Amino acid sequence: MKITVDHEKCCASGQCAMLAPDVFEQREEDGLAVVLLAEPDPGLHDAAREAAAYCPTTAILVEE
Amino acid sequence: MTGDRVAVVGACAAGLAAAEALRRHGWRGEVSLIGAEPHLPYDRPPLSKQLLSGAWGPERTRLRGPEQLAELGLDLRLGTTAVSLDARAGRLTLSDGTELECSGVIAATGLVARVLPGSAGVTGVRSLRGLDDALTLREELRTPRRRVVVIGNGVLGSEIAAVIRELGHEVALVGPARTPMEHSLGPCVGALLAQVHTAKGVVLYGGRRVEHLGTAADVVRSVHLDDGTELPADLVLTATGSTPATDWLAGTDGIDLTDGLGCDAYCAAAPNLYAAGDVARWHHPVYGRDLRVEHRMNATEQGIAAARNLLATLLPRPGPTAAEFAPVPYFWTDQYDVRVQAYGLLSPAGHLHTEVFRGDRLGAATLHGADGLATGVVAANLPPRTVRALRAVVARPVPWGKAVDDFKSALDQFETCGPHHRGGGT
């Protein structure tokens with residue numbers, strides 16, 4: 001699995017950091033999403049997929 | 001209902017989220033995704049932001065790429081609408097005459113923009129609901145220094161005014177609220193937005209209504225307000241709200257179409273008929289009342305919830321289990337460099353407002369509540385950790401006094417001004 005975030009789309013909702021805190025966090029200055037683990041362990045795949053599904057700007061791309 | 005098919009009516013955020021969730025939760029039958037517009041599923045918030053400003057082309061607004069859509073194996077029917085549903089028989093009739101036998105239907109048809117009375121047939125009056133509207137508008141704004149009157153000072157009108165102003169046009173923002181978005185965010189954040197809009201050169205006409213349009217040969221020339229003000233106009237943009245798109249359900253037995261499609265706490269309107277997004281009014285089990293939420297986050301969350309709950313009835317065990325839909329509503333708006341985020345239920349009549357100094361920027365937070373309970377919070381220009389802490393304050397309705405203490409401690413790292421109280425939280 002490979003995860004990327006499109007900062008032009010991200011609206012800093014922080015949904016991803018709430019749903020998958022091991023995979024995403026928010027930048028302190030503007031709240032945009034940052035990927036902590038671009039290739040997470042399988043144990044985190046469901047959380048990462050969920051974060052992508054719930055992102056309100058579809059800014060998260062999960063490639064499997 | 002019958003057949004090995006789930007039909008999702010409406011192919012924007014809520015509908016696509018539902019279609020994806022059907023697959024993710026194990027539905028191997030047909031998924032028909034029916035979209036009124038000819039476009040691949042696209043996202044609406046960027047229409048009044050990145051698309052209108054010219055930063056994005058239309059393909060950037062797509063919710064998923066063609067490959068991602070192909071993976072879902074959808075029966076995608078674009079440029080097609082549903083015209084009627086016999087829910088008991090599971091028969092959905094489409095505008096091209098097709099009849100689909102369905103074992104489940106998810107209604108995600110969204111909204112229809114309200115038309116300004118007296119504007120039918122008048123050239124130069126536009127609204128922004130779909131991608132084509134936004135592209136047409138963008139074309140018209142290529143002519144420099146147009147005099148634009150935006151009617152409606154809720155979220156859409158306020159966002160449009162900001163973008164058009166930044167494109168260099170003369171902009172007047174007219175609406176019933178005294179300050180931009182005051183009816184949803186309250187007067188304090190409204191005043192902050194008014195200050196920013198004014199500083200950028202938008203002329204605000206808050207607390208006014210449009211009396212009539214002035215036209216010459218059916219082309220709009222001016223907008224006349226109820227206080228006698230006459231605003232010259234080359235272009236008028238109406239953002240005066242929307243109504244749920246439920247016409248296609250008018251003949252369906254056993255459903256409630258008062259303000260959207262009425263649903264229970266599981267987003268079910270009738271057996272195997274579910275609803276999601278702007279069109280859905282459902283019973284929120286935590287707030288204990290019906291809500292219909294016209295915000296982007298809700299479209300996704302409810303699309304997923306409706307799909308899962310439908311599958312809980314369609315799939316054999318161990319399929320997904322049904323769960324009440326009990327989100328903390330969320331929305332955001334960006335205007336110029338101001339980012340506003342709101343959580344929970346806002347109740348502008350009763351609130352506590354604090355202004356926050358962040359170096360050279362002014363931020364703000366407002367706690368909203370009614371009947372002794374705090375239910376919502378608004379954050380303007382605050383850092384993410386603070387926003388998350390504020391959200392936690394109102395993740396469930398809490399007694400006003402406790403919420404005020406938590407609200408203040410969420411902000412205690414900042415030098416603040418206020419708080420300003422008003423009305424009935426207590």
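Residues numbered from 1 in each chain as written. Chains lettered and ligands numbered in written order. Predicted model: local features only at pLDDT ≥ 70, side-chain atom pairs only at ≥ 80, totals over all residues. Heavy atoms only, no water.

Buried accessible area, meaning the area lost when the parts come together, often serves as the stated size of an interface. If you look at the interface, chain B gives 25 residues, while chain A gives 25 residues. Here chain B and chain A share an interface that buries about 2,100 Å² over both sides, 49% of which is from carbon and sulfur atoms. In this assembly, chain B and chain A are joined by 3 salt bridges. Note that Arg60 of chain B and Glu8 of chain A form a salt bridge whose closest N and O atoms lie 3.1 Å from each other. For the side of chain B that touches chain A, the secondary structure elements donating two or more residues are α8 (296-314), β23 (330-335), β24 (338-344) and α9 (384-393) of chain B. When residues in the side of chain B that touches chain A are grouped by element, the largest group, 5 residues, is from α8 of chain B. Looking at side-chain class alone, the side of chain B that touches chain A contains 9 nonpolar, 4 polar and 12 charged residues. (Contact = heavy atoms within 4.5 Å. Buried area = accessible area lost by both parts, 1.4 Å probe. Salt bridge = Lys/Arg side-chain N within 4 Å of Asp/Glu carboxyl O. Helix = DSSP H or I, 4+ residues; strand = E, 2+ residues; numbered from the N terminus. Nonpolar A, V, L, I, M, F, W, Y, C, P; charged D, E, K, R; others polar.)

All names here are of chain B. Of all hydrophobic cores here, the largest spans 87 residues; its most connected members are Leu22, Leu92, Ile106, Trp248, Leu367 and Leu390. If near-sequence neighbours (up to four positions away) are discounted, Ile106 is found in contact with Ala7, Val8, Val9, Ala18, Leu22, Tyr274, Ala306, Ala307 and Leu310. With 35 residues, the next largest nonpolar core counts Leu141, Val148, Ile164 and Val202 among its residues. (Core = buried A, V, L, I, M, F, W, Y, C linked by side-chain atoms within 4.5 Å. Buried < 20%, exposed > 50% of the residue type's maximum accessible area, 1.4 Å probe, protein only.)

Moving on, we get to the pattern of salt bridges. In the structure shown here, the tally under the stated rule is 28 salt bridges over all chains. Note that Asp6 of chain A is salt-bridged to Arg60 of chain B, the shortest N-O span being 2.8 Å. Placement of the pair is Asp6 of chain A in the loop between β1 (2-5) and α1 (15-19) and Arg60 of chain B in the loop between α2 (50-53) and α3 (66-72), with the two residues belonging to separate chains. Since its relative accessible area comes to 23%, Asp6 of chain A is described here as partly exposed. Two residues, Asp406 of chain B and Lys402 of chain B, come together in a salt bridge whose shortest N-O distance is 2.8 Å. Note that Asp406 of chain B and Lys402 of chain B are positioned in helix α10 (residues 400-410) at a spacing of 4 residues, about one turn of the helix. In this structure, a network of salt bridges that share partners links the residues Asp6 and Glu8 of chain A together with Arg60 of chain B.

Glancing now at the sheet that holds strand β2 (residues 30-35) of chain B. Residue and element names in this part refer to chain B. Taken in spatial order, the 6 strands of this open sheet run β3-β2-β1-β7-β20-β19, and their pairing is mixed. Single-partner strands in this sheet number two, and they are β3 (75-78) and β19 (268-270). For this sheet, the mean inter-axis angle between neighbouring strands, taken without regard to orientation, is 20°. Note: β2 against β3, 4 bridges, orientation parallel. Bridge pairing in β3 places Gly35 opposite Leu78. The strands touched by α8 within the sheet are β1 (5-9), β7 (104-107) and β20 (273-275), with β20 carrying the most contacts at an inclination of about 165°. (Pairing = 2+ DSSP bridges. Axes fitted to C-alpha atoms, helices over the stretch in contact; angles between N-to-C directions.)

So, about the environment of Glu99 of chain B. Residues and elements named next belong to chain B. As for its placement among the helices and strands, Glu99 is situated in strand β6 (residues 99-101). Sequence separation between Glu99 and Ala82 is 17 residues, and the spatial gap between their C-alpha atoms is 9.6 Å. Dropping the residues within four chain positions of it, Glu99 is found in contact with Arg91, Leu92 and Thr93.

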